[in-house]
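Results of the structural survey
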Amino acid sequence: MNDDHPVLARISLNPHSREVQRDLRDATQMHRTVMRMVPDGLGDSPRHQAGLLYRVDETDTTSTLLVQAHRLDPAALPPGYGHTQIKSLTPMFTALRTGLPVRYRIVVNPSKRERPPHADLNTRGRIVALSGPDADQWWHRRAATAGLDVHILTPTNVHPVRPRTTQAAPMRHHLLRYDGTAAVTDPAALAEALRNGIGRAKPYGAGLLSLAPATTS
């Protein structure tokens, strides 16, 4: 297996598990649970060092947790958490080429930093969530930077996530899921985006880009 290419765990969550129910309510706890799957001793930025990204895909009847990292140990999950399948993403990375048509899915936190008028240049400003056409344009721009020419996008609102620990700041992350089709324009940029994720709020289930071959008639 190529050490440069991450692996992906697809976990069919057990709806009767109390840990699953807790994690789906609490983004901080979900992050702690997925971090149990990566090795210890990764320093001050363990999520980044592990290359860990995750996303929860929910339907009316099922919840699936996708976790991507350099190495994953599903045995570290709580007992009865769900059924896990792990696969190497090397074939996907190897297949990337300019012009390749793909289907994609990603949950993102479309946002921009807004500085007050006449503020000092050193003032960073506050993060403002984007919605509607502004969010769609944000995704078009981010996708283009990531080596994708988006053809179709379908936005779906995702429940905002809020850290529930008493020490957490009183904030919540506005999330959108985009599904659609695109063509690869820059395989190297796309490979980097696949490894590192796109946008903010990665500890809260955003940024993981999934690709699949697009069927052509």
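To be clear, the structure that these remarks concern was listed above.
Taken as a whole and judged by the stated rule, the model has 5 salt bridges. Here Arg 55 and Asp 57 are joined by a salt bridge, their closest N and O atoms 2.7 Å apart. Residue Arg 55 is classed as buried on the basis of its relative accessible area, which comes to 2%. Note on Asp 57: relative accessible area 11%, which makes it buried. With a closest N to O distance of 2.5 Å, Arg 105 and Asp 179 form a salt bridge. One end of the pair, Arg 105, is in strand S5 (residues 101-108); the other, Asp 179, is in strand S9 (residues 173-184), with 74 residues separating them in the sequence.

Further remarks concern the pairing of strand S1 (residues 7-13). Remark: a regular strand shows side chains that alternate across the two faces of the sheet. With 5 of 7 residues buried, S1 is to be regarded as a mostly interior element. Alignment of S1 against strand S3 (residues 63-69), held across 6 bridges, turns out to be antiparallel. Along S3, the bridge assignment pairs Ile 11 with Leu 65. Where S1 and strand S4 (residues 82-88) come together, 7 bridges link them in antiparallel fashion. Its bridge partner lying in S4, Leu 8 is registered against Lys 87.

Procedures and definitions
- Residues numbered from 1 in each chain as written.
- Predicted model: local features only at pLDDT ≥ 70, side-chain atom pairs only at ≥ 80, totals over all residues.
- Heavy atoms only, no water.
- Salt bridge = Lys/Arg side-chain N within 4 Å of Asp/Glu carboxyl O.
- Buried < 20%, exposed > 50% of the residue type's maximum accessible area, 1.4 Å probe, protein only.
- Helix = DSSP H or I, 4+ residues; strand = E, 2+ residues; numbered from the N terminus.
- Pairing = 2+ DSSP bridges.

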